[in-house]
Amino acid sequence: MPSAPPRRPGGPLAPAAVALAFWVTMAGTTVPTPLYPLYQHAFGFTTFTVTVVFAVYALGVVAGLLTLGHLSDRIGRRPVVLAALLLASAAATLFELADSLPWLLAARVLSGFGAALVTGAATAALLDLAPPERRLRAQTVALAANMGGLAGGTLFAGALAEWADAPLRLPWTVTLVLTGAALLGLLAVPETVPVEVRRAGRSGPPTGITSRFRPRLRPPHVPPAVRPAFLRAALAGGAGFAVTGVLTAVSGLFLATVLGLHNHALTGLVVALAFLSTAVGQLLVRVLPPARALPLACAGLVLAAALVAGALLGGTLPPLLLGACVNGLATGTAIGTGLGTVNGGVEPQRRGEAVSAFFAVLFTMLSVPVIGVGVLVRATGLRTAGVTFSAAVAVLALAVAAGLVRRPRRGSSPVPTATAAEPATAPVPAAAEPATTPAARAGKA
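1. Notes on the overall build of the protein
Okay, so step 1: A tally of regular secondary structure across the protein gives 16 helices and zero strands.
Okay, so step 2: Once local pairs closer than 6 in sequence are excluded, the contacts in the protein between residues at least 24 apart make up 86%.
Okay, so step 3: Here the protein displays about 17,700 Å² of accessible surface, and carbon together with sulfur accounts for 68% of that area.

Structure (structure tokens):
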């Protein structure tokens with residue numbers, strides 16, 4: 001009589017609990033999106049200040065990514081996910097109590113660190129908990145939790161702000177309740193990093209345990225063989241991230257000042273469409289021919305920039321909604337292509353470092369252009385700033401597309417993008433490989 005296959009640790013509740021923790025943490029990062037116009041009115045912000053408040057989140061993600069990106073491989077998945085949830089709770093508490101700008105800035109930084117911790121640890125935990133034949137499904141669950149959280153946070157916050165009382169308090173109360181449920185759910189999650197690995201991470205050389213866990217800056221490094229393909233995908237994905245960042249920061253202002261639509265739920269919908277489309281774009285990489293994925297992403301970015309510019313110039317909503325969807329699809333395709341490049345062209349022991357570099361580029365491009373748009377809005381107005389930014393995104397996408405038509409040098413071989421065995425949507429290797437992904441596969445804040 002054949003023996004039964006070995007059971008995965010934790011039972012059926014463990015993956016659901018990890019996915020909930022992932023979803024809640026990422027949702028907390030986008031709850032402020034439809035609330036920015038309310039904060040602007042309550043605290044007397046300028047548009048530039050709103051863009052700065054948004055951008056510090058991305059800077060927090062980059063800082064956490066470069067200093068703590070591999071922590072779950074050394075001390076375990078559960079403590080890192082727990083730390084991310086505690087950071088999300090602290091950020092929600094600061095937002096709920098906020099009465100001035102410093103509170104908001106501090107909360108956004110904590111949100112960024114939480115996102116930086118949870119994405120790699122939660123995705124790795126979901127992969128650890130899944131049997132090999134269900135690894136692809138676990139990767140899809142991780143993507144759904146990530147992008148679903150980003151979309152869900154802005155949707156429920158917008159709905160509460162529009163149709164409930166205390167719009168600057170109630171969304172954060174709901175966030176805290178959800179975070180509490182996720183913390184309880186962690187009780188059902190076993191630790192998946194082997195004890196001997198955690199012991200090795202805690203012992204270390206004679207310099208002591210403190211030095212082992214002191215955050216250290218890890219300069220991004222990409223192997224020379226994949227740098228051209230890596231850079232093209234990172235620039236295309238970063239251009240899409242920049243558009244998503246601007247939509248997240250100023251959609252409410254555009255709807256109110258240009259269209260006369262003072263509807264917080266609609267603001268949440270615009271941004272949610274961008275995030276959900278980004279998830280779909282990453283899934284598309286599984287079926288698109290590798291040679292066509294990035295050119296299609298570049299074409300989509302140009303089209304999205306034209307649609308956003310048309311919405312600004314014409315003062316109409318449909319092009320903005322369509323532009324958010326097209327930009328998300330293009331961004332997700334570019335991100336999936338870049339992650340596939342890392343999976344196919346970087347040895348497993350360096351994969352986490354290369355993926356960290358990829359997302360460092362993405363989140364830098366998420367934050368810096370948003371601040372630039374804020375400066376332009378103050379100097380020239382929303383329409384001019386938005387059209388100028390859209391033109392810059394289109395130029396960057398066209399430049400990446402132009403680089404794709406160059407023939408590889410004789411004797412060189414193209415770097416693979418993604419394979420059926422290693423889908424681009426989930427670059428996290430198996431638990432034995434010391435490489436977790438950095439925050440926000442996506443995503444965005």
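Structure shown, so let's carry the discussion forward.
2. A look at the nonpolar core
Okay, so step 1: Ranked by size, the top nonpolar core spans 119 residues in total, and within it Tyr39, Phe254, Leu320, Phe358, Phe359 and Phe363 carry the most contacts.
Okay, so step 2: Residue contributions to this core peak at 15 residues, all from helix H11 (residues 227-257).
Okay, so step 3: Leave out the neighbours within four places in its chain, and Tyr39 touches Gly44, Phe45, Phe95, Leu104, Leu168 and Trp172.

3. Some thoughts on the pattern of salt bridges
Okay, so step 1: By the definition in use, this model includes one salt bridge.
Okay, so step 2: Asp128 is the partner of Arg77 in a salt bridge, and the nearest nitrogen-oxygen pair spans 3.0 Å. Placement of Arg77 in helix H5 (residues 77-97) and of Asp128 in helix H6 (residues 101-129) is noted, with a sequence separation of 51 residues between them.
Okay, so step 3: Note on Arg77: relative accessible area 4%, which makes it buried.
Okay, so step 4: Asp128 sits in the buried class, given a relative accessible area of 7%.

4. Here's the deal with the confidence of the model for the protein
In regions of low pLDDT, the predicted coordinates are not meant to be interpreted in detail.
Okay, so step 1: On average, residues of the protein score 81 in pLDDT, and 80% of them reach the 70 mark or higher.
Okay, so step 2: Ranking the elements of the protein by mean pLDDT puts helix H10 (residues 209-213) last with 45 and helix H8 (residues 170-185) first with 97.
Okay, so step 3: In this model, residues 1-7 is a region of pLDDT below 50 whose contacts with residues beyond four sequence positions or in other chains number zero contacts.
Okay, so step 4: pLDDT under 50 marks residues 407-445. Its contacts with residues more than four places away, or in other chains, come to 133 contacts.

5. Side note on the packing of aromatic side chains
Okay, so step 1: This structure, assessed with the given rule, holds six aromatic pairs.
Okay, so step 2: Put simply, the rings of Tyr39, Phe43, Phe45, Phe95 and Trp172 pair up and form one aromatic cluster.
Okay, so step 3: Just above the ring of Phe48 sits the side chain of Arg378; from NZ or CZ to the centre is 4.7 Å.

6. Observations concerning the side chain of Thr123
Okay, so step 1: When you line up the elements, Thr123 lands in helix H6.
Okay, so step 2: What makes Thr123 buried here is its relative accessible area of 1%.
Okay, so step 3: Reaching out from Thr123, the side chain makes a polar contact with the backbone oxygen of Thr119 at a distance of 2.6 Å.

7. Overview of a nonpolar patch on the surface
Okay, so step 1: A contiguous nonpolar surface patch, about 310 Å² in accessible area, is contributed by Val280, Leu284, Val287 and Leu329.
Okay, so step 2: For Val280, the position within the fold is in helix H12 (residues 264-284).
Okay, so step 3: Assessed through its relative accessible area of 40%, Val280 is described here as partly exposed.

8. Comments concerning the packing of helix H7 (residues 135-163) against H8
Okay, so step 1: One can describe the packing of H7 onto H8 by two numbers: an axis separation of 9 Å at closest approach and a directional angle of 140 degrees. On the basis of the axis angle, H7 is oblique to H8. Between H7 and H8 the crossing geometry is right-handed. Contacts between H7 and H8 pair Phe156, Ala157 and Leu160 from the former with Leu170, Pro171, Val174, Thr175 and Leu178 from the latter.
Okay, so step 2: Considered class by class, the residues forming the contact of H7 with H8 number seven nonpolar, one polar and no charged.

9. Some points on the environment of Leu339
Okay, so step 1: Take Leu339: it is sitting in helix H14 (residues 318-345).
Okay, so step 2: Owing to a relative accessible area of 0%, Leu339 belongs among the buried residues under this scheme.
Okay, so step 3: Counting along the chain gives 20 residues from Leu339 to Phe359, while the straight-line C-alpha distance between them is 9.6 Å.

10. Quick word on the environment of Val189
Okay, so step 1: Mapped onto the fold, Val189 is located in the loop between H8 and helix H9 (195-203).
Okay, so step 2: Through-space distance from the C-alpha of Val189 to that of Leu129 is 9.2 Å; in sequence the pair is 60 residues apart.

11. A few points about empty space enclosed by the protein
Okay, so step 1: Across all of its chains, the model carries six cavities of 30 Å³ or more by this definition.
Okay, so step 2: Roughly 200 Å³ of internal volume is contained in the largest cavity.
Okay, so step 3: Looking at the lining of the largest cavity, the elements that each hand over two or more residues are H11, helix H13 (290-314) and helix H16 (382-404).
Okay, so step 4: The element that contributes the greatest number of residues to the lining of the largest cavity is H11, accounting for six residues.

12. Thoughts on unusual backbone geometry
Okay, so step 1: The phi dihedral of Ala166 falls on the positive side, at around 50 degrees, and the residue is not glycine.
Okay, so step 2: Mapped onto the elements of the fold, Ala166 is located in the loop between H7 and H8.
Okay, so step 3: By relative accessible area, Ala166 is classed as partly exposed at 40%.

What counts and how
- Residues numbered from 1 in each chain as written.
- Predicted model: local features only at pLDDT ≥ 70, side-chain atom pairs only at ≥ 80, totals over all residues.
- Heavy atoms only, no water.
- Helix = DSSP H or I, 4+ residues; strand = E, 2+ residues; numbered from the N terminus.
- Contact = heavy atoms within 4.5 Å.
- Areas by Shrake-Rupley, 256 points an atom, 1.4 Å probe, with all protein chains shown as cover.
- Core = buried A, V, L, I, M, F, W, Y, C linked by side-chain atoms within 4.5 Å.
- Buried < 20%, exposed > 50% of the residue type's maximum accessible area, 1.4 Å probe, protein only.
- Salt bridge = Lys/Arg side-chain N within 4 Å of Asp/Glu carboxyl O.
- pLDDT = per-residue confidence, 0-100.
- Phe/Tyr/Trp six-rings, centres within 6.5 Å; stacked < 30°, edge-to-face > 60°.
- Lys NZ or Arg CZ within 6 Å of the ring centre and 35° of its normal.
- Polar contact = N/O pair within 3.5 Å; in protein donor to acceptor, adjacent residues only side chain to side chain.
- Patch = residues over 30% accessible without salt bridge, like charges linked within 9 Å, V, L, I, M, F, W, Y side chains within 5 Å.
- Axes fitted to C-alpha atoms, helices over the stretch in contact; angles between N-to-C directions.
- Parallel < 35°, antiparallel > 145°, perpendicular 65-115°, else oblique.
- Left-handed = near helix turned anticlockwise from the far one by under 90°.
- Nonpolar A, V, L, I, M, F, W, Y, C, P; charged D, E, K, R; others polar.
- 1 Å grid on protein atoms, 1.4 Å probe; cavity = no way out; pocket = protein on both sides within 12 Å on 5 of 7 lines; lining within 4 Å.
- Points joined across faces, edges and corners; volume = space filled by probe spheres on them.

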